[in-house]
Amino acid sequence: MKGITIGRTHVAQSATLQWTIAGLRLWNVPSLRSVSLRSAFLRFIAPLLLGLAFSVSAQAATHPPVADKAPDSKCLECHAVKATGKAVHSAIAMGCTTCHEVRVNSKDVTHIKLVTVTPVKLCLQCHEDKDAAKIKGHVHSPAVRDCLTCHDAHSSDFKNILLKAPTGEAKDNLCLSCHTTGLNVPAGGSRHAALDMGCDSCHASHKNGEEMDGVFHLTKSTPGLCLDCHDVADAALAKAHRNLPFEKSDCLGCHNPHESASPKLLQAFVHQPFQKMQCESCHAPAKNGKVVLIKATVRELCVSCHAEQAKKIETSKVQHPGAAGDCTDCHSPHAGTAHGFLKPDAVNVCLTCHSDQAELHSKAVLHQPAFKQGCAACHDPHGSDHPKLLRAEGNALCLECHGPDSKPTKVEGEHDVRIFDGAVRLPEDYFAKVIRLPLQNGKGHPMVGHPVTDAPDPMDATKVRHISCLSCHQPHAGGARALLVSDQPPNLQFCRRCHEDIVRKD
């Protein structure tokens, strides 16, 4: 029967509905956009469409009558398709009421609902090992929010009851429903052939085991994962690496594992000596299968070109213990995903040591600079004159982006903007979403006249209340919008922390 689908309900097209659809089409015909025609539409056709919508809504929400103690076989009389397919959820054999609850109200109307508030809570009752809150390292974001983003709850034609296969062209590939990896390789660039094997050939979708990578949830750490396909004894591969031993190196230090604008999958940012193939500027010929540097230590080699960073590390008032080690503890000597060649990237380079900050990744709201741009947006990793290696002290740090006088600079020919006198690079569209505070003389947020700096105590004018951005906000992550302290939502209850005798409690 000819019909339309509204939500998940198929509705036959009655004559009334067909006239309604025709009316909607006429509404958009340029030559018929007259006042009289549209007036007729609003008087006669629109009410019919509204009535149809309510009818469909009621039909979609109401389940046909069924006894609340009906056997599972009763469900399968209508829903047999839920128990068929190449991959069937094992819970089907446990019975429909394992996951669904049947409710019959006093008017003998039957409603079917899940036994839990959300699908993810239901799934975790059996699949506890997939609980993101108990998994260390990076977790695939759909696996945190809703299992049904990727899986069918009942049956599928694909392994693990996936909605689509993790391989194939974009329209048939589950992973490419969200990711565009490998789809837009520029002319002269390169694409990893392993993409055609499927994303699950390298990545674990949910969790990491002891042998897995904690950042990109790989099935195996590099270079082991790469060497499953690439033979180190291959003469062509050895020649491409200038016959230097590479089998114990991290391949991601030079190569993008998916796609690149350059040949050979080179990373986006490349160290100049490496780019110009001046290997001898850092390396002597390999000896006994080991890499040999032209200096005694890695640090000596790096500071021969980067003396200014060595001086900063040694003379800053606040020193970073991590910066006193080998430069390659944090930087790849060849290439990387960002300026500075931080490894594995600008965010996770710090989380290897600062695991307490890594745990904040599970909070509901993440501060974009900390978890997107990297810790160095606010902290100077080599040394600072301010506490906690901050690039500025007090409110000045936050107001560099959020202040009314914030002035990021644009460098001609570069696709970024700079703050902190050019020390920090941000994407050129970064400030399109940054909230600028209308502050004047230290007042004006979150409302007119409210101070953001030290001010007299409203309850005792002889005292001073110390106020800063951190009095109300967390700098890295929070449990609700605005990153308020104690993970509180932005409402009057939060304001009562300071104004309990001023704000009415009723």
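What counts, and at which threshold
Each chain has its residues counted from 1, following the order in which its sequence is written. Side-chain atom pairs in this predicted model are given and counted only at pLDDT of 80 or more, local residue features only at pLDDT of at least 70, and totals for whole chains, interfaces and linings cover all residues. Water and hydrogen atoms play no part in the side-chain values, which are based on all heavy atoms of the structure. Secondary structure counts use DSSP, requiring at least four H or I residues in a row for a helix and at least two E residues in a row for a strand, with both numbered from the N terminus. For this analysis, residues touch if any pair of their heavy atoms sits within 4.5 Å. For the accessible areas, the method is Shrake-Rupley and the probe is 1.4 Å, while residue cover comes only from the protein chains on display. Pairs were defined over the aromatic rings of Phe, Tyr and Trp, the Trp ring being its six-membered one, requiring ring centres within 6.5 Å. Orientation was assigned from the angle between planes: stacked under 30 degrees, edge-to-face over 60, tilted for the rest. We call a residue buried when its accessible area falls under 20% of the maximum for its residue type, exposed when it is over 50%, and partly exposed in between, using a 1.4 Å probe and counting protein chains only. By definition here, a salt bridge exists when the distance from a side-chain nitrogen of Lys or Arg to a carboxyl oxygen of Asp or Glu is within 4 Å. Strands are treated as partners if at least two bridges between them are detected by DSSP. Looking at any residue, its pLDDT shows the predictor's confidence there, from 0 to 100.

J.: Would you mind going over the overall build of the protein chain with me for this structure?
T.: A tally of regular secondary structure across the protein chain gives 16 helices and 19 strands. For the protein chain, long-range pairs separated by at least 24 residues make up 46% of all intrachain contacts whose partners lie at least 6 apart in sequence. Accessible area for the protein chain stands at about 33100 Å²; split by element, carbon and sulfur atoms hold 58% of it.

J.: Honestly, the packing of aromatic side chains in this entry has me stumped. Any pointers?
T.: Aromatic rings in a pair are described by how distant their centres are and how their planes are angled relative to each other. Inspection of the entire model under this criterion finds one aromatic pair. Taking 5.3 Å as the distance between ring centres and 75 degrees as the angle between the ring planes, the aromatic pair formed by Tyr430 and Phe431 counts as edge-to-face. No difference in accessibility class separates Tyr430 from Phe431, as the two residues are buried.

J.: Any chance you could explain the pattern of salt bridges here in plain terms?
T.: When the charged atoms of two side chains with opposite charge come close together, those side chains can pair. Tallied over the entire structure, the rule returns 13 salt bridges. Measuring nitrogen to oxygen at the nearest pair gives 2.8 Å for the salt bridge that ties Asp200 to Lys159. Highlighted residues: Asp200 in the loop between β7 (190–191) and α7 (224–227) and Lys159 in the loop between β6 (155–156) and β7, separated in sequence by 41 residues. Residue class for Asp200 comes out partly exposed when judged on its relative accessible area of 28%. Taking the shortest distance from any N to any O, the salt bridge between Asp228 and Lys220 comes out at 3.0 Å. What makes Lys220 partly exposed here is its relative accessible area of 34%. Several salt bridges share partner residues, and in doing so they unite Glu101, Arg103 and Lys113 into one network.

J.: When you look at the pairing of strand β18 (residues 460–465) in this model, what are you seeing that I'm missing?
T.: The two faces of a sheet get side chains in turn, since along a regular strand they alternate between them. Little of β18 sits inside the fold, with zero of its six residues counted as buried. As judged from the three bridges shared by strand β17 (residues 455–457) and β18, these two strands associate in the antiparallel manner. Across the sheet, the residue bridging to Asp457 is Asp460, located in β18.

J.: I'm lost on unusual backbone geometry in this one. Help?
T.: Trans peptide bonds make up most of the peptide bonds, and negative phi angles are found at most residues other than glycine. Here the residue pair Lys343 and Pro344 is connected by a cis peptide bond, since its omega of 0 degrees sits within 30 degrees of zero. By the element assignment, Pro344 lies in the loop between β12 (335–336) and α12 (348–351). Along the chain, His445 connects to Pro446 via a cis peptide bond; the corresponding omega equals 5 degrees. Relative to the helices and strands, Pro446 is located in the loop between β16 (424–427) and β17. Phi at Leu265 is positive, roughly 60 degrees, even though this residue is not glycine. Position of Leu265 among the secondary structure elements: in the loop between β8 (259–260) and β9 (269–270).

J.: So what exactly am I meant to see when it comes to the confidence of the model for the protein chain here?
T.: As a note on interpretation, predicted positions should not be read in detail where pLDDT is low. Of all residues in the protein chain, 84% have pLDDT values of 70 or greater, and the mean over the chain is 84. Per-element mean pLDDT across the protein chain ranges from 38 in strand β1 (residues 3–6) up to 97 in helix α15 (residues 395–402). A low-confidence stretch, residues 1–22 (pLDDT under 50), is modelled with 28 contacts involving residues beyond four sequence positions or located in other chains. For the stretch residues 53–60, pLDDT sits under 50, and the model shows five contacts to residues farther than four places along the chain or on other chains.

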